[in-house]
Amino acid sequence: MDNSLSLELKQQLKLSQMQIQKLEMLSLSYEELEAAIKKEQEENPYIEVQAGRYSAENTYYRADSSLDYLSKSDEDEKAGWLERAISVKESLYDHLRVQIETLNIDNKTKEAALIIASSLNSYGFIDKPLSDILPKTYFDVSEDAIKAIQSLDPSGVGARDYKESLKIQLKELSLEKSDEEKISYMIDNLELLKNSKTDLIEKKLNIDSYEASLLLEILKTLSPYPGLKFDSGYDSYIHPDIAIKKNPESGELEITDYGDNLPDVTISADYINLENELKEDKKKNKETLSFLKANREKAEAIVDSINMRLTNLHRTALYLIEKQRSFFENGISALKPDLQQNLASYLNLSQSTVSRLCAKKYIETDYGIFPISFFFSSTKGFLKSESEEMSKNAIKEQIKEIIQNYEGKKAPSDQKISDALKERGINIARRTVAKYRAELDIESSYNRA
């Protein structure tokens, strides 16, 4: 028997409560962050807030119900988009209805999907038996209708409960099968993750704390109640975080950081001095010092998170100018394929942190307002030539252009569109054309005839 001692070095990642709070705040939208700062100001004596440098400037846009980024090409169309963006109030049902009506499914299934969508609760879930929702004549297509709803945005809608919703969202991340299975186990056993502790999960899955923390970080990017953002009772607003536009005089691309509108959050010097004074008699002031320390660390985490957000959003804008200059100068058809992991490498951040950074963040351009995720895809792209690839959204723009400019007597079929793309050096199958055409809300050639 070998009784010798050995020393093993092992890399581990333990996320503190403050680090978790930073990550959570990083994923908030602009308006959610404003609300979080206001709430923390009311509860935390260390938080001092002053108006942002440009707080009087209104940069909010009411959310358009379709966010049809791909149908705006000239100045009149862009103006029309903004006019619609300032006038539409959207419910979860309205959001789903627009998508359901564009699905390539038979009318009966589409009708069943619309009925089910109208009965979803505020979480976006089906909380009643289907027999209480659908007439008997639709029972035979009920499961197909549910699958159709579950394929829509927001991801996870149409589930029976939050666990099923999380698993639907998990599928869409296209993780490695082993990672997906481990996170699925975590979803089924959330009671083992109290206070974000992963010890029990590590034992059950036979993984180390580093891997468990990374898996938990991915799990936290999912939303257990996807329908809630449509249930506020208020108009849905989009606030761009960054603007990248051409200077009308010089023609150079310029970055505007709308984060300057955020409240300026600082740590109260008075409370820091008070804490230092109480430390002179730590034993007597133990409880008070504990309270002050907890609030100071929380305040410091908020300040760090805001600074991290502003710094990395600006760096993201610099990255996009470098990689997507042709888009900002020429529009959607010039968009190049890119992966979010490339941005992560550029920022020197983990992919999950970058995913949080990009979530619910918007960029204002000369061609409309786009979520940051618009500039990244899950695949490398379509080969146009030996040295050039095109993104999915650029392909969509080409499809729309071919349909609009087609001079034949009949509307071009998906195969003809595929052939036309091949003539332009873009090799994609007819089925892919059909998929993208449906996503563009363009009917088949038969219905367009």
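Since this is a predicted model, take the numbers as computed values, not measurements. (Residues numbered from 1 in each chain as written. Predicted model: local features only at pLDDT ≥ 70, side-chain atom pairs only at ≥ 80, totals over all residues. Heavy atoms only, no water.)

Undergrad: Requested: an account of the overall build of the protein chain, with residues and values cited.
TA: From N to C terminus, the protein chain includes 20 helices and 10 strands. For the protein chain, with 449 residues in total, the buried portion stands at 43%. Taking all contacts inside the protein chain whose residues are at least 6 apart in sequence as the whole, residues at least 24 apart take part in 67%. Here the protein chain displays about 25,200 Å² of accessible surface, and carbon together with sulfur accounts for 47% of that area. (Helix = DSSP H or I, 4+ residues; strand = E, 2+ residues; numbered from the N terminus. Buried < 20%, exposed > 50% of the residue type's maximum accessible area, 1.4 Å probe, protein only. Contact = heavy atoms within 4.5 Å. Areas by Shrake-Rupley, 256 points an atom, 1.4 Å probe, with all protein chains shown as cover.)

Undergrad: With reference to specific residues and values, describe the packing of aromatic side chains.
TA: One pass over the structure, following the stated rule, counts 16 aromatic pairs. Considering the side-chain rings of Phe-370 and Phe-375, the 6.2 Å spacing of their centres and the 65° angle between planes classify their relative orientation as edge-to-face. Among the residues examined, Phe-370 registers a relative accessible area of 0% and is labelled buried. Among the residues examined, Phe-375 registers a relative accessible area of 2% and is labelled buried. (Phe/Tyr/Trp six-rings, centres within 6.5 Å; stacked < 30°, edge-to-face > 60°.)

Undergrad: Describe the pairing of strand β4 (residues 242-246), and please don't skip the residues or the numbers.
TA: Note that β4 and strand β5 (residues 253-257) share five bridges and pair antiparallel. Bridge pairing in β5 places Ile-242 opposite Asp-257. Between β4 and β5, which pair antiparallel and follow one another directly, the connecting turn spans six residues, one of which, Gly-251, has a positive phi of 80°. (Pairing = 2+ DSSP bridges.)

Undergrad: Please provide a residue-by-residue account of the nonpolar core, values included.
TA: Among the nonpolar cores identified, the biggest contains 27 residues, and Ile-244, Leu-320, Phe-327 and Phe-375 are the most heavily contacted of them. When contributions to this core are tallied by element, the ones reaching two or more residues are β4, α13 (286-323), α14 (325-330), α15 (340-347) and α16 (351-358). In terms of nonpolar packing, the next biggest core, distinct from the first, is built from 21 residues, Leu-134, Ile-146, Ile-149 and Phe-230 among them. (Core = buried A, V, L, I, M, F, W, Y, C linked by side-chain atoms within 4.5 Å.)

Undergrad: Tell me about unusual backbone geometry, residues and numbers included.
TA: Residue Pro-154 is reached from Asp-153 by a cis peptide bond, and omega for that bond is 5°. Tracing the backbone shows Pro-154 in the loop between α7 (142-150) and α8 (162-172). One non-glycine residue, Asn-206, lies in the positive phi region at around 60°. Looking at where Asn-206 falls in the secondary structure, it is placed in the loop between α10 (199-205) and α11 (209-219). Judged by relative accessible area, Asn-206 falls into the exposed class, the value being 70%.

Undergrad: Can you tell me about the confidence of the model for the protein chain, naming the residues and giving the values?
TA: Summing up the model confidence of the protein chain, the mean pLDDT is 77 and the portion of residues at 70 or higher is 79%. When pLDDT is averaged over each element of the protein chain, α7 comes out on top at 92 and helix α3 (residues 75-85) at the bottom at 38. Low confidence marks residues 53-58, where pLDDT is under 50. Its contacts with residues over four positions away, or in another chain, come to six contacts. Across residues 232-236 the pLDDT falls below 50, and counting only partners more than four positions away or on other chains, this stretch makes seven contacts in the model. (pLDDT = per-residue confidence, 0-100.)

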